[in-house]
Amino acid sequence: MDFEFTEEQKMLQTTIRDFLEKEIAPIVDERDRQGSFTREEVIGYIKKMMPLGFYHLPEELGGEERMDAITGAIGSEELARVWPSLSGALGLAGLAVAALAMARGETKEKLRAKIEKGESIGCLAITEPNVGSDTSAIETMLTKSGDRYVVNGTKTWITNGSIADVAIALVQTEKGKGQMGMATVLLDRDVSPWEATDFHKIGWRACPTSEMSFDDCPVPEQNIIVAPWMLGGSGEGGGGDKAAQAYFDFMQRLNGIRAGMWLISIGIAQAAVDASIKYAKERIQFGKPLGSFQMVQEMIADMLTDTWSARLLTYRAIWLGGQGVKNRMETSLAKGFATEAALRVTSKAIQIHGAMGLSEEYPVERYFRDARMLTMPDGTTQIMKLIVGREVLGMRAYT
Ligand SMILES: Cc1cc2nc3c(=O)[nH]c(=O)nc-3n(C[C@H](O)[C@H](O)[C@H](O)COP(=O)(O)OP(=O)(O)OC[C@H]3O[C@@H](n4cnc5c(N)ncnc54)[C@H](O)[C@@H]3O)c2cc1C
């Protein structure tokens with residue numbers, strides 16, 4: 001067992017940290033308050049950060065040698081320490097790469113050309129006004145209308161929905177059939193356009209969170225990526241083994257992107273710890289620095305325990321995934337723990353800063369607001385616990 005990063009990983013960490021401190025950190029507080037990123041801003045960041053390993057096009061899709069999962073995670077944690085909103089937007093933009101893995105025909109070639117230039121932003125559209133944790137209840141419909149397929153419905157809380165070039169959406173094909181009546185479609189915005197509006201939220205203020213409307217949105221048959229009839233390899237749509245392979249590739253990539261949420265939690269928690277240690281050394285009360293009081297030291301020790309526990313669970317889950325080992329329980333433990341830990345840590349950071357922690361003078365109020373976002377997406381804390389329960393007990397608390 002080796003808890004050290006390799007020399008190459010440490011060098012990459014230093015390079016990324018230097019870049020972020022110089023190029024990004026100075027603008028974060030002000031820009032984050034101004035609301036959602038535009039598409040051009042995110043494309044600009046992608047282009048700047050591609051050489052550092054972000055938005056990576058892997059070898060098997062025509063890019064450079066694949067970066068191992070731990071090395072990729074290091075960069076994500078560093079970015080989250082500086083700007084969680086940008087972590088969210090860039091992480092989900094990478095779904096364009098997942099879409100490329102699923103795409104076929106001319107969509108694939110077009111997408112590859114855009115991704116190579118860092119010019120395609122992705123999003124994943126599952127949640128709907130009536131559908132949150134229970135994804136088997138999807139209402140957005142994919143229907144055949146004459147000789148073409150169309151999507152109708154509304155998706156909500158979609159990260160990057162307003163600025164995305166490509167969406168991977170979960171749709172229903174047949175009512176009352178649960179997951180057997182669903183399909184995944186790839187929506188290229190030029191061909192399958194949608195409307196989107198962003199909403200204001202407590203944290204992740206610069207990261208776009210959108211409601212997407214689909215009104216007879218056309219979908220070429222080749223962009224219906226996986227449907228139960230396809231997995232069967234017969235009937236309408238066709239595709240058989242290829243569609244099944246595309247689906248499994250996609251699910252693997254999705255797991256990689258999911259890890260982003262735990263890494264954002266650790267990055268935020270570490271930033272809150274660093275800010276609290278600095279403040280506890282500087283602020284004088286009763287003639288002494290705050291850090292000299294035992295109860296302040298206890299808060300800092302608790303914050304570090306949470307941050308390191310989250311980090312160890314997270315890197316272990318990522319490492320297992322990188323080894324090709326089944327890690328459903330470990331990923332759920334990591335997601336459930338790391339996101340709640342970030343909330344506890346950032347709340348204590350505010351407490352250490354006293355009233356000033358609640359003001360915009362210090363970044364800890366932003367850390368707290370950003371941490372508050374993380375216990376919902378990619379499965380809530382409660383759903384993560386139910387998955388752990390299912391894995392260890394072999395009993396499902398929900399269907
Ligand atoms: C920052 C952010 C980004 C997001 N990005 C995306 C995105 O890119 N794409 C996308 O599709 N969605 C996205 N979402 C939506 C997210 O996936 C949903 O919020 C999540 O699935 C939970 O659904 P819900 O909010 O409707 O809560 P609900 O499912 O209505 O749950 C409400 C509460 O009830 C609890 N609950 C529900 N069912 C059970 C149960 N069986 N047992 C115990 N407790 C239960 C939940 O844990 C929660 O506390 C995002 C959300 C946020 C906050």
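This is a predicted model, so every value here is computed, not measured. (Residues numbered from 1 in each chain as written. Predicted model: local features only at pLDDT ≥ 70, side-chain atom pairs only at ≥ 80, totals over all residues.)

Let us look at helix 7 (residues 105–116). The terminal C-alpha atoms of helix 7 lie 17 Å apart, and with 12 residues this matches the ideal 16 Å at 1.5 Å per residue to within 8%. All buried positions along helix 7 are accounted for by T107, L111 and I115. One face of helix 7 carries all of its buried residues, which in axial projection span an arc of 60°. Facing away from the buried side of helix 7, by more than 90 degrees, are the exposed residues G105, E106, E109 and A113. Its buried side turned inward, helix 7 meets helix 6 (95–102), strand 4 (166–172) and strand 5 (182–188). At the C-terminal side of helix 7, G118 shows a positive phi close to 70°. (Helix = DSSP H or I, 4+ residues; strand = E, 2+ residues; numbered from the N terminus. Expected span 1.5 Å × (residues − 1). Buried ≥ 20, exposed ≤ 12 C-beta atoms within 10 Å, placed from the backbone. Arc of directions from axis to C-beta. Contact = placed C-beta atoms within 7 Å.)

So, on to the domain arrangement of the protein chain. Many authors give the size of an interface as the accessible area that is lost as the parts come together. By domain assignment, the protein chain separates into domain 1 (7–116), domain 2 (122–249) and domain 3 (250–393). With 28 residues of domain 1 at the contact, the number on the domain 2 side is 23 residues. Those elements giving two or more residues to the side of domain 1 that touches domain 2 turn out to be helix 2 (28–33), helix 3 (39–49), helix 5 (84–93), helix 6 and helix 7. In terms of residue class, the side of domain 1 that touches domain 2 is built from 14 nonpolar, 8 polar and 6 charged. (Domains from an automatic or database assignment. Nonpolar A, V, L, I, M, F, W, Y, C, P; charged D, E, K, R; others polar.)

Let us now look at the site of the ligand. Taken together, 21 residues are adjacent to the ligand, and I126, G132, S133, T380 and Q382 come closest. Contributions of two or more residues to the shell around the ligand are made by strand 1 (122–125), strand 3 (148–159) and helix 13 (381–393). Broken down by class, the residue content of the shell around the ligand amounts to 14 nonpolar, 7 polar and no charged. Inspection of the shell around the ligand shows a minimum of three residues originating in each of domain 2 (122–249) and domain 3 (250–393). (Near = placed C-beta within 6 Å.)

As judged from the 5 bridges shared by strand 2 (residues 141–145) and strand 3, these two strands associate in the antiparallel manner. Looking at strand 3, one finds that T143 is bridged to V150. The hairpin turn running from strand 2 into strand 3, its antiparallel successor, is 2 residues long, and G146 in that turn takes a positive phi close to 65°. Sheet topology places strand 3 next to strand 7 (residues 209–219); 8 bridges connect them, and they run antiparallel. The residue bridging T154 from the neighbouring strand is S213, located in strand 7. (Pairing = 2+ DSSP bridges.)

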